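Analysis of the macromolecular model
Listed here are the chains, written in short residue letters.
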Amino acid sequence: MNGTDPPRGPSGSSMERSAAAEIVFDRATKRYPGRTVPAVDELSLTIPAGEICVLVGPSGGGKTTAMKMVNRLIDITAGDIRIDGRSVRSLDVTELRRGIGYVIQQVGLFPHMTVADNIATVPRLLGWPKGRIRERTAALLELVGLDPDEDRGRYPAELSGGQRQRVGLARAMAADPPLMLMDEPFGALDPITRERLQNEFLRLHREVQKTVIFVTHDIDEAIRIGQRIAILREGGVLAQYDTPDAILAAPADEFVARFVGADRGLKRLALRRIADVALIPVNGTPPDVLRLHAETSLRDALSLMLSEGSREALVLDEREEAAGVLTLDQLTTLLAERPPVATR
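Nothing here was measured: the structure is a model prediction, and the numbers come from that model.

Some thoughts on the confidence of the model for the protein
Averaged over all residues, the pLDDT of the protein equals 85, while 92% of them reach at least 70. For residues 1-17, every residue scores under 50 in pLDDT, and the model assigns this stretch 45 contacts once sequence neighbours within four places are set aside.

Shown next, in the form of structure tokens:
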């Protein structure tokens, strides 16, 4: 590759086009010598290109092992994993890893390098021209909510935990990979910073549309982040793979039901906004009741209505005008709504 060639991902497609990759686990298995139970046992699932798949489960469920088999940090014992139809086993391991963004909980920034140099690590290895690296670094710093002028010359020790995690995310996206692996990236952050970065990550994903494999032990984070969720049992056995709504509505068995929690009906409400519900029209003067914005989740709406002792709320649109009325009876009906048929 010369300095002007665009980098290419594991599938061979140019990363300049920001392509996302389909990932297929085909009975992927990992056995360690001396252990009778596999770490991952014949895991089979397909992650469509551009979607976020969250791997979640108890300790010993093989979540991180399954993710690390994708970039061959852990070798596959049996079965296969394919990226856009190509087996990871057939790819040069160095090129494979350079074509995959990787974000971990500890961030792993090089302490002796500036923010800009940390972000530029992979593009520099790929032989990008200096001008192109500078432009990409500035664009990514702005994308993750940092100042391209003030923050590029700082060192990791000068950053907060949330800022370091943003730099780690920018570094993972630097070469515009079609696939990103994220291993509990927000787990070490305080709740406020964690929620802020979760929102930022979801905003980024809407803009860049990468395929993401995201590992967490937190079912609430899985529901918030994932477009699809794979719940793994101890021993790396797949218990259920589906959309968050389908899993909450129809757990595959008692293990999944216990794992997602008895409040799964409330968790389903958290997936929907008031704007998704048919509201009761306002006739005449708007009622003097609790006011909520249309972007509020149904779970938060229910909590606020119960806290205020209100059986109805006036819903406001983005212009702060009355859009309709939401009632407690509507929310109760939604809680008891017949679940949709889960996809398989």
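On we go from here.
What to know about the sheet that holds strand β13 (residues 322-327)
A sheet is described by the order of its strands in space; here three strands give the open sequence β11-β12-β13, paired in mixed fashion. The open sheet is flanked by β11 (290-293) and β13, the only strands paired with a single partner. Across this sheet, the average inter-strand angle for adjacent strands is 35°, counted without regard to direction. The pairing of β11 with strand β12 (residues 312-316) spans four bridges and is parallel. Note that in β12 the partner of L292 across the bridge is V315.

Points about unusual backbone geometry
A positive phi angle, near 50°, is found at E42, a position not held by glycine. Among the secondary structure elements, E42 is positioned in strand β2 (residues 40-47). If you check the backbone angles, Q209 has positive phi at about 50° while not being a glycine. Mapped onto the fold, Q209 is located in the loop between α7 (191-208) and β8 (211-216).

Topic: the sheet that holds strand β9 (residues 228-233)
Strand order in the open sheet made by the six strands is β6-β7-β8-β3-β9-β10, with mixed pairing throughout. Where the open sheet ends on each side, the last strands, each with one partner, are β6 (100-104) and β10 (237-242). The average undirected angle you get between the axes of adjacent strands in this sheet is 15°. Helix-sheet contacts for helix α1 (residues 63-70) involve β3 (52-56), β6, β7 (179-183), β8 and β9, and the interaxial angle to β7 is about 150°. Across the sheet, helix α6 (residues 161-173) is in contact with β6 and β7; its angle to β6 comes to roughly 165°.

Re the packing of aromatic side chains
The full count for this structure, using the stated rule, is four aromatic pairs. Measuring from ring centre to ring centre gives 6.1 Å for F201 and F214, while their planes differ by 40°; the resulting arrangement is tilted. With F201 in helix α7 and F214 in strand β8, the pair connects residues that are 13 residues apart, well separated along the chain. For the pair F201 and F214, a shared accessibility class is recorded, and that class is buried. Each residue in the set F186, F201 and F214 is aromatic and connected to the rest through ring pairs, giving one cluster. A cation over an aromatic ring shows up here: K30 above the ring of Y32, its NZ or CZ 5.0 Å from the ring centre.

A short note on the packing of helix α12 (residues 298-308) against helix α13 (residues 328-335)
In the contact formed by α12 and α13, the axes pass within 11 Å of each other and the chain directions differ by 135°. Between α12 and α13, the interaxial angle falls into the category oblique. Along this stretch, α12 crosses α13, giving a crossing that reads as left-handed. Residues L298, A301, L302, M305 and L306 of α12 form the contact with α13, whose own contacting residues are L328, L331, L334 and L335. Its residues assigned to classes, the contact of α12 with α13 comprises nine nonpolar, no polar and no charged.

Rules behind the numbers
- Residues numbered from 1 in each chain as written.
- Predicted model: local features only at pLDDT ≥ 70, side-chain atom pairs only at ≥ 80, totals over all residues.
- Heavy atoms only, no water.
- pLDDT = per-residue confidence, 0-100.
- Contact = heavy atoms within 4.5 Å.
- Pairing = 2+ DSSP bridges.
- Helix = DSSP H or I, 4+ residues; strand = E, 2+ residues; numbered from the N terminus.
- Axes fitted to C-alpha atoms, helices over the stretch in contact; angles between N-to-C directions.
- Phe/Tyr/Trp six-rings, centres within 6.5 Å; stacked < 30°, edge-to-face > 60°.
- Buried < 20%, exposed > 50% of the residue type's maximum accessible area, 1.4 Å probe, protein only.
- Lys NZ or Arg CZ within 6 Å of the ring centre and 35° of its normal.
- Parallel < 35°, antiparallel > 145°, perpendicular 65-115°, else oblique.
- Left-handed = near helix turned anticlockwise from the far one by under 90°.
- Nonpolar A, V, L, I, M, F, W, Y, C, P; charged D, E, K, R; others polar.

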